[in-house]
Amino acid sequence: MQKIEFPENFLWGTSTSAYQIEGGAKNDWSKWEVSSKRKENLKKDNKKLEDYVCGDACRSYFKYEEDFDLAKSLNTNSVRIGIEWARIFSKKDLIDVKGIRHYKKVLDAAHARGLKTVLTLWHWTNPIWFSEEGGWANKKSVDYFLHYVDLIIQELGGSIDYWVILNEPLIHVFNGYISGKFPPNKKLHFLKALKVFNNLVKAHKKSYEIIHKHFPQAQVSSTAILNYFEPAHKKCLFEKTLVKIAHYFWNEKFLNATKNHMDYIGLDYYFHDRIVFYPPFRKNKNEITTDLGWEIYPEGIYHVLKFLKKYKKPIIILENGLADKEDKFRAQFIKDHLFFIYKAIKEGVDIRGYFHWSLLDNFEWALGWAPKFGLFEVNLKSFERKARPSASFYAEICKNNGFEK
Ligand code: BGC
């Protein structure tokens with residue numbers, strides 16, 4: 001038996017985002033979900049609208065205290081939660097005092113339970129007025145966002161232990177402007193994609209600066225979703241080149257642009273890409289897959305962490321999880337990923353925490369309600385939460401700050 005023990009003061013947590021669990025938000029996503037184009041497409045695919053509309057979500061807007069109790073029951077010491085920008089500025093020039101008051105209560109409720117707060121300011125959703133003005137492609141977008149960040153600093157800043165300015169900017173760029181799967185649903189708009197990317201980088205850097213002006217000791221980051229790319233044939237020059245290109249654009253570009261404006265790196269890890277020399281250039285072995293057909297490849301997190309070492313910053317894993325309704329793989333998934341995280345720590349990578357995605361089953365964006373990522377199931381009619389067996393498994397690990405392998 002090998003004892004896998006994590007460093008003292010390791011952050012154990014779960015991750016959620018505002019839109020995916022709160023319910024009742026009105027933003028560019030909620031607008032798109034019921035747009036006539038979307039309805040038509042769903043109908044064509046024989047899909048029911050209600051399975052693809054966020055609606056009341058998990059009602060966490062009202063049930064946040066219960067959710068924090070669940071987080072406590074897992075013996076976690078931290079929670080990653082989010083703020084919905086559209087609840088603070090539903091109109092461009094009007095501050096929603098109710099929204100501010102709400103999030104104050106949320107943050108207080110987490111602290112009252114001894115949970116450290118990791119707060120995401122932007123997780124892909126935008127106020128409707130912002131998207132109507134061109135979203136992140138608009139040159140004023142950065143100023144609009146800073147206006148919001150400035151208010152959060154003043155009103156809530158003292159209650160935020162770790163800041164996440166942006167969640168996975170590249171997913172917004174790619175799905176919003178290249179694949180078109182997410183609002184604003186632009187396909188192959190490469191120039192716009194570049195503009196949006198640059199504005200997001202600017203927004204991150206400037207937000208970082210104003211947060212630090214008010215709170216010099218603040219811990220600030222944005223999350224990056226990193227994939228482990230490897231060539232299927234180790235000696236194939238073409239595959240190796242493809243790996244380098246993919247790695248550069250997907251893993252390095254955002255971090256290189258923002259590395260001097262990050263106190264820690266917030267890592268989200270889900271994917272391994274085995275690159276082949278023939279189309280479609282990716283062929284994973286897929287020995288075990290999640291309900292979404294995503295390969296489970298825990299070793300990938302180790303490689304990604306080793307790569308991140310060069311940035312010489314502490315790393316917090318802010319998302320890692322799987323869609324697994326029957327809870328067949330979740331416990332093993334957690335254990336295997338943690339083992340590789342531990343291996344990276346032993347080899348000198350400065351890793352400070354692990355947050356499982358997710359506390360609850362939640363609205364999985366364009367894929368709707370079918371994927372179940374939660375340690376807790378949510379009944380979408382009664383909104384009752386029920387622990388999956390892997391919840392107690394994770395709770396034991398958090399309690400013991402490790403496990404035996
Ligand atoms: C996102 C989450 C999402 C999860 C699973 C992450 O990239 O931040 O919002 O639910 O992936 O797809």
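The rules behind these values
- Residues numbered from 1 in each chain as written.
- Predicted model: local features only at pLDDT ≥ 70, side-chain atom pairs only at ≥ 80, totals over all residues.
- Heavy atoms only, no water.
- Helix = DSSP H or I, 4+ residues; strand = E, 2+ residues; numbered from the N terminus.
- Rg over C-alpha atoms; globule rule 2.2 N^0.38 Å.
- Buried < 20%, exposed > 50% of the residue type's maximum accessible area, 1.4 Å probe, protein only.
- Contact = heavy atoms within 4.5 Å.
- Areas by Shrake-Rupley, 256 points an atom, 1.4 Å probe, with all protein chains shown as cover.
- Lys, Arg positive; Asp, Glu negative; His and termini not counted.
- Charge placed at Lys NZ, Arg CZ, Asp CG, Glu CD.
- Pairing = 2+ DSSP bridges.
- Right-handed = clockwise from strand over helix to strand, strands pointing away.
- Patch = residues over 30% accessible without salt bridge, like charges linked within 9 Å, V, L, I, M, F, W, Y side chains within 5 Å.
- Salt bridge = Lys/Arg side-chain N within 4 Å of Asp/Glu carboxyl O.
- Axes fitted to C-alpha atoms, helices over the stretch in contact; angles between N-to-C directions.
- Parallel < 35°, antiparallel > 145°, perpendicular 65-115°, else oblique.
- Nonpolar A, V, L, I, M, F, W, Y, C, P; charged D, E, K, R; others polar.
- Near = heavy atom within 4 Å.
- Polar contact = N/O pair within 3.5 Å; in protein donor to acceptor, adjacent residues only side chain to side chain.

(A) Structural view of the overall build of the protein chain. Helix and strand counts for the protein chain stand at 14 helices and 12 strands. For the protein chain, the C-alpha radius of gyration of 20 Å lies close to 22 Å, the compact-globule estimate for 405 residues. Taking the principal axes of the C-alpha coordinates as reference, the protein chain spans close to 55 × 50 × 50 Å. Looking at the protein chain as a whole, 58% of its 405 residues are labelled buried. Taking the intrachain contacts of the protein chain between residues at least 6 apart in sequence as the baseline, contacts between residues at least 24 apart amount to 77%. Element-wise, carbon and sulfur atoms account for 53% of the exposed surface of the protein chain, whose accessible area totals about 18100 Å². In the protein chain, the 63 positive side-chain charges and the 49 negative ones have mean positions that sit 5 Å from each other.

(B) Examining the pairing of strand β8 (residues 315–319) more closely. Judged by how many residues are buried, β8 sits mostly within the fold: 5 of 5 residues are covered. The sheet contact formed by strand β7 (residues 265–275) and β8 spans 4 bridges and is parallel. Looking at β8, one finds that G266 is bridged to I316. As for the winding sense of the linkage, the β-α-β connection from β7 through helix α12 (residues 299–308) to β8 is right-handed. Taken together, β8, helix α13 (residues 330–346) and strand β9 (residues 351–356) constitute a β-α-β crossover, and its handedness is right-handed.

(C) Examining a positive patch on the surface more closely. Residues K139, K140, K192 and K195 make up a contiguous surface patch of positive charge. Tracing the backbone through its elements, the reader meets K139 in the loop between α7 (128–132) and α8 (141–156). Given the relative accessible area of 77%, K139 is considered exposed.

(D) Looking closely at the packing of α13 against helix α14 (residues 389–400). Where α13 contacts α14, the two axes come as close as 8 Å, and the packing angle between them is 25°. With respect to each other, α13 and α14 are oriented roughly parallel. Contacts from R330, A331, I334, K335 and L338 in α13 reach S390, F393, Y394 and I397 in α14. Considered class by class, the residues forming the contact of α13 with α14 number 6 nonpolar, 1 polar and 2 charged.

(E) Spatial organisation of the site of the ligand. Taken together, 13 residues lie near the ligand, and Q20, E168, E319, E364 and W365 sit nearest. Residue H123 places a side-chain N or O atom 2.9 Å away from an oxygen atom belonging to the ligand. One nitrogen or oxygen atom from the side chain of W357 is found 3.4 Å from an oxygen atom belonging to the ligand. Starting from 310 Å² of accessible surface for the ligand in isolation, the protein chains cover 95%. Here the shell around the ligand is built from residues that sort into 7 nonpolar, 3 polar and 3 charged.

(F) Focus on the pattern of salt bridges. Enumeration according to the criterion identifies 21 salt bridges in this entry. Here R282 ties to D273 by a salt bridge, and the two come within 2.2 Å at their closest N and O atoms. Accessibility expressed as a relative area gives 40% for R282, which makes it partly exposed. In this structure, E347 and K306 form a salt bridge, with 2.5 Å as the shortest nitrogen-oxygen distance. Placement of E347 in the loop between α13 and β9 and of K306 in helix α12 is noted, with a sequence separation of 41 residues between them.

(G) Examining a nonpolar patch on the surface more closely. A cluster of nonpolar side chains, F238, F277, Y278 and F281, forms an exposed patch at the surface whose accessible area comes to about 370 Å². Take F277: it is sitting in the loop between β7 and α12. Taking relative accessible area as the criterion, F277 reaches 43% and is therefore assigned partly exposed.

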